[in-house]
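Examining the three-dimensional arrangement
Letter by letter, the chains look like this.
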Amino acid sequence: DAKTTQPNSMESNEEEPVHLPCNHSTISGTDYIHWYRQLPSQGPEYVIHGLTSNVNNRMASLAIAEDRKSSTLILHRATLRDAAVYYCILRDRGAGSYQLTFGKGTKLSVIP
Amino acid sequence: EPEVTQTPSHQVTQMGQEVILRCVPISNHLYFYWYRQILGQKVEFLVSFYNNEISEKSEIFDDQFSVERPDGSNFTLKIRSTKLEDSAMYFCASSGGGFLNEQFFGPGTRLTVL
């Protein structure tokens, strides 16, 4: 999988929007951008994924740069339950692999 | 909402012993996975399983490890002759099929090797 770069940690105030960045300058045309998160003492949890267009679901929005070299996960109103490590993962559809390759992710702290 | 379950939640074993970690994936899922996370480190892929056989495995998944789907519901990870460095959280996951299907993770089994 192509490499991603995320900040080690970020802080947000409760009920404020949060923008979690991810750089993936070596992304290929068949790489999908996936986000998972891991709440404390739990297994990872799927958040969202996209290829080229921005995506929205009930948990978050994913904004993908036009050149696809970066993306941003947007939590519209952070809650205490959103405190977690967020992982940006590239998955190459052409590689025939279903495994997820986790990096260190961004640890999000939410301040009440 | 369907979920992946894992038992036990915590397993303590002596070095050299064999352990079996159990998982019940979501019932209509076709792909099954094991990952592990050593304390303070990244989540690492171990193995994926589809159609009753291993479809992918990492370098970590050597002859010490094996997986099995003994019946229609359980998915197990066996670790033979455990070592101190096998101490980790082991997560089972399942997905419905298709590359883009999300993987659903269980709560994990904490394995402590003494």
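Above this note sits the structure.
Attention here is on the structure that accompanies the text. (Residues numbered from 1 in each chain as written. Chains lettered and ligands numbered in written order. Predicted model: local features only at pLDDT ≥ 70, side-chain atom pairs only at ≥ 80, totals over all residues. Heavy atoms only, no water.)

Remarks on the overall build of chain A
Scanning chain A from terminus to terminus reveals 0 helices and 9 strands. At 13 Å, chain A has a C-alpha radius of gyration in line with the 13 Å of a compact globule built from 112 residues. If you line up chain A on its principal axes, its C-alpha atoms span 45 × 30 × 25 Å. By residue count, 45% of the 112 residues in chain A fall in the buried class. Working note: accessible area of chain A is about 5700 Å², and carbon and sulfur atoms make up 47% of it. Computed over 11 positive and 11 negative side-chain charges, the separation of the two mean positions in chain A equals 6 Å. (Helix = DSSP H or I, 4+ residues; strand = E, 2+ residues; numbered from the N terminus. Rg over C-alpha atoms; globule rule 2.2 N^0.38 Å. Buried < 20%, exposed > 50% of the residue type's maximum accessible area, 1.4 Å probe, protein only. Areas by Shrake-Rupley, 256 points an atom, 1.4 Å probe, with all protein chains shown as cover. Lys, Arg positive; Asp, Glu negative; His and termini not counted. Charge placed at Lys NZ, Arg CZ, Asp CG, Glu CD.)

Section: the pairing of strand S11 (residues 109-113) of chain B
Residues and elements named next belong to chain B. Alternating residues of S11 divide into Thr109, Leu111 and Val113, all buried, and Arg110 and Thr112, none buried. With 4 bridges joining them, strand S2 (residues 10-13) and S11 adopt parallel strand pairing. Note on S11: the bridge partner recorded for His10 is Arg110. As defined by bridge partners, strand S9 (residues 88-95) adjoins S11 across 3 bridges and the pair is classed as antiparallel. Across the sheet, Tyr90 pairs through a bridge with Thr109, a residue of S11. (Pairing = 2+ DSSP bridges.)

Section: the state of the cysteines
Summed over the entire model, instances satisfying the criterion amount to 2 disulfides over all chains. One disulfide bridge connects Cys22 of chain A with Cys88 of chain A, the sulfur atoms lying 2.1 Å from each other. Note on the Cys22 of chain A and Cys88 of chain A pair: the S-S dihedral is about -85 degrees, so by sign convention the disulfide is left-handed. On the criterion of sequence distance, the pair formed by Cys22 of chain A in strand S2 (residues 18-23) and Cys88 of chain A in strand S8 (residues 84-92) is long-range, its members being 66 residues apart. The two residues Cys22 of chain A and Cys88 of chain A agree in class, both being buried. Cys23 of chain B shares a disulfide with Cys92 of chain B; S-S distance 1.9 Å. Measuring handedness by torsion sign, the sulfur bridge of Cys23 of chain B and Cys92 of chain B sits at about -65 degrees and is left-handed. Taken together, the residues Cys23 of chain B in strand S3 (residues 19-24) and Cys92 of chain B in strand S9 connect sequence positions 69 residues apart. Residue Cys23 of chain B is classed as buried on the basis of its relative accessible area, which comes to 0%. A relative accessible area of 0% places Cys92 of chain B in the buried class. (Disulfide = S-S within 2.5 Å.)

Re the interface of chain A and chain B
Counting residues at the interface gives 21 residues for chain A, matched by 18 residues for chain B. Carbon and sulfur atoms make up 59% of the area that chain A and chain B hide from each other, which totals about 1800 Å². Looking at the side of chain A facing chain B, the largest losses of area belong to Tyr98, Gln99 and Phe102 of chain A, adding up to 33% of the total buried there. At the junction of chain A with chain B, the criterion picks out 0 salt bridges. Linking chain A with chain B are 7 residue pairs in polar contact (both at pLDDT 80 or more), by the criterion used here. Sorting the residues of the side of chain A that touches chain B by element identifies strand S3 (31-38), strand S4 (44-50) and S8 of chain A as the ones contributing at least two each. (Contact = heavy atoms within 4.5 Å. Buried area = accessible area lost by both parts, 1.4 Å probe. Salt bridge = Lys/Arg side-chain N within 4 Å of Asp/Glu carboxyl O. Polar contact = N/O pair within 3.5 Å; in protein donor to acceptor, adjacent residues only side chain to side chain.)

Description of the sheet that holds S4 of chain A
Residues and elements named next belong to chain A. Strand order across the open sheet formed by 5 strands is S1-S9-S8-S3-S4, with mixed pairing between neighbours. In this open sheet, the two strands that pair with only one neighbour each are strand S1 (9-13) and S4. Pairs of neighbouring strands in the sheet enclose a mean axial angle of 25 degrees, with direction left out of account. Of the pairings in the sheet, the one linking S3 to S4 comprises 6 bridges and is antiparallel in character. Bridge pairing in S4 places Arg37 opposite Glu45. (Axes fitted to C-alpha atoms, helices over the stretch in contact; angles between N-to-C directions.)

Function-wise, these values are silent; they only describe arrangement.
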